[in-house]
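A look at the structure
The residues making up each chain are set out below.
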Amino acid sequence: MDSDITFCANHPDRETGLSCNRCGKSICASCAVHTPTGYRCKECIKEQRQVFNTARVTDYVLAFVISTALSYIGSIFVSMIGFFLLLLSPFVGIIIAEAVRKITGKRKSPGLNKAVVIGVVVGGLPRILPGLLSVFFGGGLGGLIGILWPSLFVLIAASTAYTRFSGINIR
Ligand SMILES: [Zn+2]
Ligand SMILES: [Zn+2]
């Protein structure tokens, strides 16, 4: 018998060669979380998150409000420039991420990313909803062309803002 065989701390029936590099506990593949510094157990990840999660409730509200406002302004602006919005939407996303970062400062939370993305989507909706409704209520497919640009804007701006913001936010 190989005495080196270890079993998952959470699943005593599962053999594993993995262990948490923080607390040293043996963990199976489904319990292990891959981090840039190695495998960690879920408990350690949770503890770490609590340390990193320093955002206040007002940060979420501000992140959402700023993203919504800038996205709304952006969506009006880009709807006037047609094709060029493909080039400008990423900048709007970056501006949104930077603005939110300025306001929330050094406080961090994975949830802030979501607040930013939801804000961008909500801010773009006023330009998308009327067209969408007209398609549903017999306006025909003509409405689809009307929502194409604002939808693309929301998609690009939201993903850029998310990438930018999580780049700043999570280290
Ligand atoms: Zn651990
Ligand atoms: Zn397990």
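Above this text sits the structure in question.
Residues numbered from 1 in each chain as written. Chains lettered and ligands numbered in written order. Predicted model: local features only at pLDDT ≥ 70, side-chain atom pairs only at ≥ 80, totals over all residues. Heavy atoms only, no water.

1. Things to note about the coordination of the zinc ion (ligand 1)
The condition that has to hold: Metal donors were taken as nitrogen, oxygen and sulfur atoms no farther than 2.8 Å from the ion, or 3.2 Å where the ion is Na, K or Ca. Water is excluded, so coordination may look unfinished. In this scheme the shape depends on donor count and angles: four donors with every angle between 85 and 135 degrees give tetrahedral, four or six donors with opposite pairs above 155 degrees and others between 65 and 115 give square planar or octahedral in turn, and any other case is irregular. Note on conventions: DSSP H or I runs of at least 4 residues are helices, E runs of at least 2 residues are strands, and numbering of each starts at the N terminus. Buried residues are those whose accessible area, probed at 1.4 Å on protein chains only, stays under 20% of the maximum for their type, while exposed residues exceed 50% and partly exposed ones sit between those limits.
Protein ligation of the zinc ion (ligand 1) involves C20 (SG), C23 (SG), C41 (SG) and C44 (SG), the donor distances falling in the range 2.3 Å. For the zinc ion (ligand 1), the 4 donor atoms are set out with angles of 102 to 117° between them, so the coordination reads as tetrahedral. In the primary sequence, the donor residues of the zinc ion (ligand 1) line up as C-x2-C-x17-C-x2-C. Of this pair, C20 sits in the loop between strand 2 (15-16) and strand 3 (32-35) while C44 sits in helix 1 (residues 42-52); the two residues are 24 residues apart in sequence, bridging distant segments of the chain. Residue class for C20 comes out buried when judged on its relative accessible area of 2%.

2. Describing the coordination of the zinc ion (ligand 2)
By definition of the ideal shapes, a tetrahedral metal site with four donors has angles of 109.5 degrees and an octahedral site with six donors has angles of 90 or 180 degrees. Surrounding the zinc ion (ligand 2) are the protein donor atoms C8 (SG), H11 (ND1), C28 (SG) and C31 (SG), at 1.8 to 2.3 Å. In this structure, the zinc ion (ligand 2) is coordinated by 4 donor atoms arranged in tetrahedral fashion, with angles at the metal of 104 to 117°. Each donor residue of the zinc ion (ligand 2) lies on one chain, and together they are spaced C-x2-H-x16-C-x2-C. In this pair, C8 sits in the loop between strand 1 (6-7) and strand 2 while C28 sits in the loop between strand 2 and strand 3, placing the two residues 20 residues apart along the sequence. You can call C28 buried: its relative accessible area is 4%.

3. Remarks on the pairing of strand 3
Short version of the rule: Pairing between two strands is assigned when DSSP locates at least 2 bridges connecting them.
The sheet contact formed by strand 3 and strand 4 (residues 38-41) spans 4 bridges and is antiparallel. Within strand 4, the position partnered with H34 by the bridge is Y39. Counted between consecutive antiparallel strands, the loop separating strand 3 from strand 4 contains 2 residues.

4. Focus: helix 4 (residues 110-136)
Test applied: Think of it this way: the bend at a residue is just the angle between two axes, each fitted to seven residues, one set ending at that residue and the other starting at it.
Most pronounced at L125, the bend in helix 4 amounts to some 50°, and the proline P126 follows within four residues. Burial in helix 4 covers these residues: L112, N113, A115, V116, G119, V120, G123, G124, I128 and G131. Positive phi shows up at G138, right after helix 4, with a value of about 85°.

5. What about a nonpolar patch on the surface?
Rules: Within the patch definition used here, like charges are joined within 9 Å and nonpolar side chains (Val, Leu, Ile, Met, Phe, Trp, Tyr) within 5 Å, considering only residues with over 30% relative accessible area and no salt bridge. Values of accessible area rely on a 1.4 Å probe in the Shrake-Rupley scheme; residue burial ignores everything except the protein chains shown. Counted as salt bridges are all cases of a side-chain nitrogen of Lys or Arg within 4 Å of a carboxyl oxygen of Asp or Glu.
On the surface, a cluster of nonpolar side chains totalling about 820 Å² of accessible area is made up of I118, V121, V122, L125, L129, L132, L133, F136 and F137. Its place among the elements puts L133 in helix 4. Look at L133 and you get partly exposed, because its relative accessible area is 45%.

6. Observations regarding the packing of helix 2 (residues 57-78) against helix 3 (residues 85-104)
Here is the rule: Only C-alpha atoms enter the line fits that serve as axes; for helices the fit covers just the stretch in contact. Angles between N-to-C directions range over 0 to 180 degrees. Here the word oblique covers every angle except those under 35 degrees (roughly parallel), over 145 (roughly antiparallel) and from 65 to 115 (roughly perpendicular). For a crossing to be left-handed, the near helix must be turned anticlockwise from the far one by less than a right angle; the clockwise case is right-handed. Throughout, a residue-residue contact means that at least one pair of heavy atoms, one from each residue, lies within 4.5 Å. Ten residues, namely Ala, Val, Leu, Ile, Met, Phe, Trp, Tyr, Cys and Pro, are considered nonpolar, four, namely Asp, Glu, Lys and Arg, are considered charged, and the remaining ones, Gly among them, are considered polar.
Where helix 2 contacts helix 3, the two axes come as close as 9 Å, and the packing angle between them is 155°. In terms of their interaxial angle, helix 2 and helix 3 are classed as roughly antiparallel. Between helix 2 and helix 3 lies a crossing whose hand is right-handed. Here helix 2 contributes D59, L62, A63, I66, S67, L70, S71, G74, F77 and V78 to the contact with helix 3, which in turn contributes L85, L88, S89, V92, I95, I96, A99, V100, I103 and T104. Residues belonging to the contact of helix 2 with helix 3 are distributed by class as follows: 14 nonpolar, 5 polar and 1 charged.

7. Some details on the nonpolar core
Here is the rule we go by: Buried residues of nine kinds, namely Ala, Val, Leu, Ile, Met, Phe, Trp, Tyr and Cys, make up a nonpolar core once their side-chain atoms join them within 4.5 Å.
With 21 residues, the main nonpolar core has A63, I96, V100, V116, V120, F153 and F165 as its most contacted residues. Elements represented by at least two residues in this core include exactly helix 2, helix 3, helix 4 and helix 5 (142-169). Per-element accounting of this core gives the leading share, 7 residues, to helix 5. What V116 contacts, discounting residues up to four positions off in sequence, is A63, S67, I96, V100, A161 and F165. In this structure, C8, I27, C41 and C44 belong to the second largest nonpolar core, which totals 8 residues.

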